[in-house]
Amino acid sequence: HRLSYAEVAGPSPVDWFVSHCWLHPVAGTCSALEKHARGVAGSRPWRDLAYWICTISNNQYDLQRELGCGSWEQSSFYLALEDAGCQGTCMI
(Lines give C-alpha, C1' and ligand atoms only; values in the text may rest on other atoms or scores of the structure.)
Protein backbone atom coordinates (compact mmCIF):
# COMPACT_ATOMS: atom_id res chain seq x y z
CA HIS A 1 0.00 0.00 0.00
CA ARG A 2 1.16 3.54 -0.71
CA LEU A 3 0.38 5.19 2.61
CA SER A 4 2.13 7.42 5.11
CA TYR A 5 3.34 5.92 8.37
CA ALA A 6 0.66 7.94 10.18
CA GLU A 7 -2.05 6.40 7.99
CA VAL A 8 -0.78 2.90 8.75
CA ALA A 9 -0.24 3.47 12.50
CA GLY A 10 -3.49 5.35 12.91
CA PRO A 11 -3.53 9.13 12.66
CA SER A 12 -4.26 11.29 15.70
CA PRO A 13 -5.38 14.89 16.02
CA VAL A 14 -2.27 17.07 16.08
CA ASP A 15 -1.10 18.62 19.35
CA TRP A 16 2.22 20.03 18.14
CA PHE A 17 3.75 20.76 14.74
CA VAL A 18 7.43 19.78 14.50
CA SER A 19 10.00 21.78 12.58
CA HIS A 20 13.28 19.92 12.33
CA CYS A 21 16.55 19.68 10.47
CA TRP A 22 16.88 16.67 8.17
CA LEU A 23 20.52 16.32 9.29
CA HIS A 24 19.52 15.80 12.93
CA PRO A 25 19.85 12.11 13.95
CA VAL A 26 16.51 10.33 14.50
CA ALA A 27 17.49 9.28 18.03
CA GLY A 28 18.22 12.91 18.91
CA THR A 29 14.88 14.00 17.46
CA CYS A 30 13.05 11.35 19.50
CA SER A 31 14.89 12.39 22.65
CA ALA A 32 14.06 16.06 22.07
CA LEU A 33 10.38 15.23 21.44
CA GLU A 34 10.19 13.17 24.62
CA LYS A 35 11.71 16.03 26.63
CA HIS A 36 9.26 18.48 25.05
CA ALA A 37 6.27 16.18 25.67
CA ARG A 38 7.19 15.66 29.31
CA GLY A 39 7.47 19.43 29.74
CA VAL A 40 4.15 20.40 28.15
CA ALA A 41 1.85 17.43 28.88
CA GLY A 42 0.40 18.89 32.05
CA SER A 43 -2.14 16.42 33.44
CA ARG A 44 -2.15 14.31 30.26
CA PRO A 45 0.17 11.33 29.92
CA TRP A 46 3.10 12.68 27.87
CA ARG A 47 2.97 9.66 25.57
CA ASP A 48 -0.53 10.65 24.46
CA LEU A 49 0.63 13.87 22.78
CA ALA A 50 0.52 13.77 18.97
CA TYR A 51 3.30 15.43 16.98
CA TRP A 52 2.97 16.25 13.29
CA ILE A 53 6.30 15.44 11.61
CA CYS A 54 6.36 15.74 7.81
CA THR A 55 8.38 12.57 7.19
CA ILE A 56 5.90 10.46 9.13
CA SER A 57 2.69 12.38 8.47
CA ASN A 58 3.00 13.02 4.75
CA ASN A 59 2.28 10.31 2.23
CA GLN A 60 5.63 10.20 0.45
CA TYR A 61 3.93 8.52 -2.54
CA ASP A 62 1.54 11.43 -3.06
CA LEU A 63 3.58 14.55 -2.34
CA GLN A 64 1.71 16.62 -4.91
CA ARG A 65 -1.46 16.24 -2.84
CA GLU A 66 0.42 16.72 0.44
CA LEU A 67 1.77 20.00 -0.92
CA GLY A 68 -1.76 21.16 -1.77
CA CYS A 69 -1.68 20.60 -5.56
CA GLY A 70 -0.50 24.18 -6.03
CA SER A 71 -2.59 25.72 -3.23
CA TRP A 72 -0.50 26.28 -0.11
CA GLU A 73 -3.73 26.63 1.90
CA GLN A 74 -4.48 22.98 1.11
CA SER A 75 -0.99 21.70 1.96
CA SER A 76 -0.67 19.25 4.82
CA PHE A 77 1.82 21.63 6.47
CA TYR A 78 -0.66 24.51 6.52
CA LEU A 79 -3.57 22.31 7.57
CA ALA A 80 -1.59 20.88 10.49
CA LEU A 81 -0.47 24.33 11.65
CA GLU A 82 -4.01 25.72 11.40
CA ASP A 83 -5.67 22.75 13.09
CA ALA A 84 -7.70 23.86 16.12
CA GLY A 85 -5.88 21.34 18.33
CA CYS A 86 -2.37 22.43 17.31
CA GLN A 87 -0.88 24.18 20.34
CA GLY A 88 2.22 25.45 18.54
CA THR A 89 5.46 24.52 16.86
CA CYS A 90 8.19 22.44 18.45
CA MET A 91 11.51 23.46 16.87
CA ILE A 92 14.23 20.80 16.91
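See above for the structure.
So, how was this worked out
- Residues numbered from 1 in each chain as written.
- Predicted model: local features only at pLDDT ≥ 70, side-chain atom pairs only at ≥ 80, totals over all residues.
- Heavy atoms only, no water.
- Phe/Tyr/Trp six-rings, centres within 6.5 Å; stacked < 30°, edge-to-face > 60°.
- Helix = DSSP H or I, 4+ residues; strand = E, 2+ residues; numbered from the N terminus.
- Buried < 20%, exposed > 50% of the residue type's maximum accessible area, 1.4 Å probe, protein only.
- Pairing = 2+ DSSP bridges.
- Polar contact = N/O pair within 3.5 Å; in protein donor to acceptor, adjacent residues only side chain to side chain.
- Contact = heavy atoms within 4.5 Å.
- Core = buried A, V, L, I, M, F, W, Y, C linked by side-chain atoms within 4.5 Å.

Caption draft 1: Summary view of the packing of aromatic side chains. Under the criterion given, the structure shown has three aromatic pairs. On the basis of an interplanar angle of 10° and a centroid distance of 5.0 Å, the ring pair of F17 and W52 is categorised as stacked. On the criterion of sequence distance, the pair formed by F17 in strand β1 (residues 16–19) and W52 in strand β2 (residues 51–52) is long-range, its members being 35 residues apart. The exposure class assigned to F17 is buried, which follows from its relative accessible area of 9%. According to the relative accessible area criterion, W52 is buried, its value standing at 10%. Ring plane angle 85° and centroid distance 5.1 Å describe the contact between W72 and Y78, whose orientation is recorded as edge-to-face.

Caption draft 2: The sheet that holds β2, seen in detail. Strand order across the open sheet formed by three strands is β2-β1-β3, with parallel pairing between neighbours. Edge positions in the sheet fall to β2 and β3 (89–91), since each of these pairs with one other strand and no more. Note: β1 against β3, three bridges, orientation parallel. Residue pairing for β3: S19 is matched across the bridge by M91.

Caption draft 3: Quick peek at unusual backbone geometry. Despite not being glycine, C69 shows a phi value in the positive range, around 50°. As for its placement among the helices and strands, C69 is situated in the loop between α4 (63–66) and α5 (76–82).

Caption draft 4: Spotlight on the side chain of E66. With respect to the helices and strands, E66 occurs in helix α4. Among the polar contacts made by the side chain of E66, one reaches the main-chain amide nitrogen of N59 at a distance of 2.9 Å. Apart from the residues lying within four places of it in its own chain, the contact partners of E66 are S57, N58, N59, S75 and S76.

Caption draft 5: Geometry of the nonpolar core. Of all hydrophobic cores here, the largest spans nine residues; its members are W16, V18, L33, A37, A41, L49, Y51, I53 and C90. Mapped by element, the contributors of at least two residues to this core are β1 and α2 (26–40). Counting residues in each nonpolar core, the second largest holds six residues, with V14, W52, C54 and A80 among its members.

Caption draft 6: Examining the side chain of S75 more closely. Relative to the elements of secondary structure, S75 occurs in the loop between α4 and α5. For S75, a relative accessible area of 8% corresponds to the buried category. If near-sequence neighbours (up to four positions away) are discounted, S75 is found in contact with E66, L67 and G68.

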